[in-house]
Amino acid sequence: MNIGGVGIGGDNPVRVQSMCNTDTRDVLATVAQIHQLAEAGCEIVRLAVPDEAAAAKLAAIREQSPVPLIADIHFDHRLALAALDAGFDGLRINPGNIGDEAKVDAVVRAAKERSTPIRIGVNGGSLEKDLLKQYGGPTPEAMVESGLRHVRMLEARGFHDIKISLKTSSVLKTMAAYRLMSEQVDYPLHIGITEAGTLVRGAVKSSVGLGILLHEGIGDTMRVSLTHDPVAEIGVAYEILRSLGLRERGPEIISCPTCGRTEIGLIELAERVEAALRGVEEVFTVAVMGCVVNGPGEAREADIGIAGGRDLGIIFRKGEVVRKVRGNANLLPEFMKEIDKFLEERRTD
């Protein structure tokens, strides 16, 4: 599958997606957030299209986007057609809820003409009433049956450029649903834990659920859903992928959890280093340690690191001290100078 030039499935890497939380009718704000997401490493962005006013802005947004865009459509097939006319690279719909057979035909025909993929998005909170009755609730089996029902509607119309998602706020139900679906279809799967929660809770739930699925080889695209700035979703997604050895982007920052020997504001220092390196794409390891005695040894495998003590910091590479820094206020600026020097050397090698 290809979404706006981004390969999905097969030998392609797991792709990182997110969704704007701006008002799609506000072109400037939406385009600005798309660029923020792209700079963070987001490869595909989804936009809500709630009404005709939003649909009227899609072409202007698409023209200014550096990454492929997917239109999220519910109930009104005209909005799907408008998104296709605007040049959107994908649709997220459920064919069964956009109208009668003729309306489904119109959307599928337009998508097929443009070679635009469709993602069937099943959500445990909005399953069909007959399936809820049949299965006794939003079970994994009910979610899979809902997804297959929509797949059949597209296949019956000769459409096979399909991606599927099966999301609930339950980690265990979501994993079970994806496992069942992966046994029944070969279509790419978009994985996520919906309504996962705020930054820490959502990151934990997503890391557990998506990490297990990815480790089992399930998942072609992913979104970490957080009640937070969507840019934060991208960092969490790449850390999940990095921890599994699936993808790397930007520096890996390791830091100690602090203890009674810590004599500097390590938490703030680590957070500031992380923020300063957010736009860097090169892959290397940075250590921020709170003890000059054990820090370099514990983080000897880091490409570059800093360990702070009482009014003294040492900067090291691969465990070897390269310089000392006096004054806690100087730790971050001097460390960033060393990182800039380190990156310049790497780029000229």
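Residues numbered from 1 in each chain as written. Predicted model: local features only at pLDDT ≥ 70, side-chain atom pairs only at ≥ 80, totals over all residues. Heavy atoms only, no water.

You'll find the chain entered in an unreviewed UniProt entry as 4-hydroxy-3-methylbut-2-en-1-yl diphosphate synthase (flavodoxin), with Pseudodesulfovibrio hydrargyri given as the organism. You can read under Function (unreviewed entry) in the UniProt record for the chain the words "Converts 2C-methyl-D-erythritol 2,4-cyclodiphosphate (ME-2,4cPP) into 1-hydroxy-2-methyl-2-(E)-butenyl 4-diphosphate." (UniProt positions renumbered as here; feature names shortened; annotations may be inferred.)

Chemist: An account of the side chain of S165 is requested, with residue identities and associated values reported.
Modeler: Along the polypeptide, S165 turns up in strand 8 (residues 162–167). Setting aside residues up to four positions removed in sequence, S165 forms contacts with R119, I120, G121, V122, Y178 and H190. (Helix = DSSP H or I, 4+ residues; strand = E, 2+ residues; numbered from the N terminus. Contact = heavy atoms within 4.5 Å.)

Chemist: Give a detailed account of empty space enclosed by the protein, specifying residues and quantitative values.
Modeler: Tallied over the full model, the rule gives one cavity of 30 Å³ or more. Estimates place the volume of the largest cavity at around 30 Å³. Together, I3, I70, G90, L91, P117, I118, R119 and K163 line the largest cavity. Elements represented by at least two residues in the lining of the largest cavity include exactly strand 6 (90–93) and strand 7 (118–123). (1 Å grid on protein atoms, 1.4 Å probe; cavity = no way out; pocket = protein on both sides within 12 Å on 5 of 7 lines; lining within 4 Å. Points joined across faces, edges and corners; volume = space filled by probe spheres on them.)

Chemist: Could you give me a rundown of unusual backbone geometry, with the residues and numbers involved?
Modeler: Despite not being glycine, F75 has its phi angle at roughly 75 degrees, a positive value. You can see F75 is positioned in the loop between strand 5 (69–72) and helix 4 (77–85). Non-glycine residue S115 carries a positive phi angle of around 55 degrees. If you trace the backbone, S115 turns up in the loop between helix 5 (101–114) and strand 7.

Chemist: If you had to explain the sheet that holds strand 3 (residues 15–19) to someone new, which residues and values would you point to?
Modeler: With parallel pairing, the eight strands of this open sheet are ordered in space as 8-7-6-5-4-3-10-9. Two strands lie at the open edges of the sheet, namely strand 8 and strand 9 (190–191), each paired on one side alone. Note that strand 9 and strand 10 (residues 221–222) share two bridges and pair parallel. Bridging across to strand 10, H190 finds its partner in T221. Each of strand 3, strand 4 (44–48) and strand 5 is contacted by helix 1 (residues 27–40), which is oriented at about 155 degrees to strand 4, the strand it contacts most. (Pairing = 2+ DSSP bridges. Axes fitted to C-alpha atoms, helices over the stretch in contact; angles between N-to-C directions.)

Chemist: Please provide a residue-by-residue account of the domain arrangement of the chain, values included.
Modeler: In many reports, interface size means the accessible area that the parts give up when they come together. Looking at the chain, the domain boundaries give domain 1 (2–244) and domain 2 (251–348). Centre-to-centre, using C-alpha coordinates, domain 1 lies 39 Å away from domain 2. (Domains from an automatic or database assignment.)

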